[in-house]
Amino acid sequence: MFKSLLKVGFVLLAFSTAAAAQPIKVTLLGTGVPTPRPTSFSASTLVEAGSEKLLFDLGRGSTMQLYKLKIPLGAVTASFITHLHSDHIVGLPDMWLTGWLATPWASRKGPMKLYGPKGTVAMTENLTKAFADDIRIRIDDEHLDPKAVEFAAKDIEAGLVYDNNGVKVAAIEVNHGDKIKPSFGYVVEYGGHKVVLSGDTRYDERIAKAAAGADLLIHEVAVIEPELLVKNPVYKDIQAHHTSPEKAGRIFAAARPKLAVYSHIVFGTVKPAPDIPEEPLILRTRATYEGRLLVGRDMMSFAIGDTVEAFAPDGAKLAP
């Protein structure tokens, strides 16, 4: 009997030790922009910390990526919006309504928790009106729980916005342009570890300050060929709302995270290119930053414990 109890104790200790060593997992569900590329869905990042599954932005394809991970849509604890540009929220109606269905891959229990800048609550109210017929029919015809199609939405300000099961989420205001205010990045803390997501932003030292000593800093970037900026004025407008690789490198150098990762990668080339110009992006970043750096891809993931490990979309471990 004693040996059995001892064995159980060792097993429990092993599980608790493993949990302590790897309290956070981050998966890039979408690393792209409004361009409808099947290889890079628009912005969405999943952070799993303890019992919490937190979604940051709900871009195109976020529901499909969760399905690939075998994570029921209803298992998402809370969702957070950085700003109200369409490529960050077009997946919201899908997550909300599909997550309501009474299937093993959905089955949300209770209202959908959603946090975002001013306008978030109004958006959810208007979505509820827009889909009123679908909601009415499914309640009557499929006997779905009407509470689970409600929103528990909140317009937030900078500061602590979520504190549950030991997981804290703070919003930091960032500079995405004079007409896009407020726009937020987020800091997630759990078990003595820290993950920072910049959101869409120009160069902003507030990100470096918030990310000081972070385990993982996920930052947006715009890598646009200088010749294209001259030829096409629209790219000047795009670049003006985003961070160049050189300036992102300055943020990384100041924050000194264990790992810096690019996501929401805006790129423009004179000759049309099907994929991110990764080599120029890295070379331009290296002008100001020499630390660990990866160019994010959809379904790339990170395990954060005593070290920060990175994994390719196929699960292979990545260097650095």
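Residues numbered from 1 in each chain as written. Predicted model: local features only at pLDDT ≥ 70, side-chain atom pairs only at ≥ 80, totals over all residues. Heavy atoms only, no water.

- As annotated in an unreviewed UniProt entry, the protein chain carries the name Ribonuclease Z and is attributed to Bradyrhizobium stylosanthis.

## Comments concerning the overall build of the protein chain
Then comes step 1: If you tally the helices and strands in the protein chain, you get 10 helices and 16 strands.
Then comes step 2: Projecting the C-alpha coordinates of the protein chain onto the three principal axes gives extents of approximately 70 × 60 × 35 Å.
Then comes step 3: Per-residue burial for the protein chain yields a buried fraction of 49% across its 320 residues.
Then comes step 4: Once local pairs closer than 6 in sequence are excluded, the contacts in the protein chain between residues at least 24 apart make up 63%.
Then comes step 5: For the protein chain, the accessible area works out to roughly 15,300 Å², and carbon and sulfur atoms hold 58% of it. (Helix = DSSP H or I, 4+ residues; strand = E, 2+ residues; numbered from the N terminus. Buried < 20%, exposed > 50% of the residue type's maximum accessible area, 1.4 Å probe, protein only. Contact = heavy atoms within 4.5 Å. Areas by Shrake-Rupley, 256 points an atom, 1.4 Å probe, with all protein chains shown as cover.)

## Digging into the side chain of S62
Then comes step 1: Topologically, S62 is positioned in helix α2 (residues 62–68).
Then comes step 2: Taking relative accessible area as the criterion, S62 reaches 2% and is therefore assigned buried.
Then comes step 3: Apart from the residues within four sequence positions on either side, S62 is in contact with L29, S44, G91 and M95.

## Thoughts on the side chain of H193
Then comes step 1: Relative to the helices and strands, H193 is located in strand β10 (residues 193–197).
Then comes step 2: Within polar-contact distance, the side chain of H193 engages the backbone oxygen of G305 at 3.5 Å.
Then comes step 3: Sequence-distant contacts of H193, defined by excluding residues within four places in its chain, comprise P23, I24, V188, D215, I304, G305 and D306. (Polar contact = N/O pair within 3.5 Å; in protein donor to acceptor, adjacent residues only side chain to side chain.)

## Focus: the sheet that holds strand β7 (residues 159–164)
Then comes step 1: Reading across the sheet, the seven strands line up as β7-β8-β9-β10-β11-β12-β13 and stay open at both edges, with mixed pairing between neighbours. In this open sheet, the two strands that pair with only one neighbour each are β7 and β13 (293–295). Strand-to-strand, the axes of this sheet are offset by a mean angle of 25 degrees, without reference to chain direction.
Then comes step 2: One ladder, built from eight bridges, connects strand β11 (residues 216–224) with strand β12 (residues 259–268); its direction is parallel. Residue pairing in the sheet places L216 in a bridge with L259 of β12.
Then comes step 3: In the packing of helix α9 (residues 245–255) onto the sheet, the strands contacted are β11, β12 and β13, and the crossing angle to β11 comes to about 165 degrees. (Pairing = 2+ DSSP bridges. Axes fitted to C-alpha atoms, helices over the stretch in contact; angles between N-to-C directions.)

## Focus on the nonpolar core
Note on soluble globular proteins: their nonpolar side chains tend to be buried together.
Then comes step 1: V26, F56, F80, V169, Y186, L216 and F302 are the most contacted members of the largest nonpolar core, which has 31 residues in total.
Then comes step 2: Contact partners of L216, with chain neighbours within four places excluded, come to V26, K194, V195, V196, L259, V261, F302 and I304.
Then comes step 3: In terms of nonpolar packing, the next biggest core, distinct from the first, is built from 27 residues, M95, W96, L101 and F151 among them. (Core = buried A, V, L, I, M, F, W, Y, C linked by side-chain atoms within 4.5 Å.)

## Considerations on unusual backbone geometry
The bulk of non-glycine residues show a negative phi, and the bulk of peptide bonds are trans.
Then comes step 1: In this chain, K181 is followed by P182 through a cis amide linkage whose omega measures -5 degrees.
Then comes step 2: Mapping P182 onto the fold places it in the loop between β8 (167–174) and β9 (183–190).
Then comes step 3: Positive phi is not limited to glycine here, since S107 has a value of about 55 degrees.
Then comes step 4: With relative accessibility at 23%, the residue S107 sits in the partly exposed group.
Then comes step 5: Residue H143 is not a glycine yet carries a positive backbone phi of 60 degrees.
Then comes step 6: Its location among the elements puts H143 in the loop between α5 (132–142) and β6 (151–155).

## Examining the packing of aromatic side chains
Then comes step 1: Taken as a whole and assessed by the stated rule, the structure comprises 11 aromatic pairs.
Then comes step 2: An aromatic cluster is defined as three or more aromatic residues linked by ring pairs; in this entry it consists of F56, F80, Y115, Y162, F184 and Y186.
Then comes step 3: Over the aromatic face of Y203 sits the side chain of R250, whose NZ or CZ is 4.5 Å from the ring centroid. (Phe/Tyr/Trp six-rings, centres within 6.5 Å; stacked < 30°, edge-to-face > 60°. Lys NZ or Arg CZ within 6 Å of the ring centre and 35° of its normal.)

## A closer look at the environment of G59
Then comes step 1: Its location among the elements puts G59 in the loop between β3 (52–56) and α2.
Then comes step 2: Taking the C-alpha atoms as reference, G59 lies 22 Å from D134; in sequence the two are 75 residues apart.
Then comes step 3: Excluding residues within four positions of it along the chain, G59 makes contact with S42, A43, S44, D87, H88, V90 and G91.

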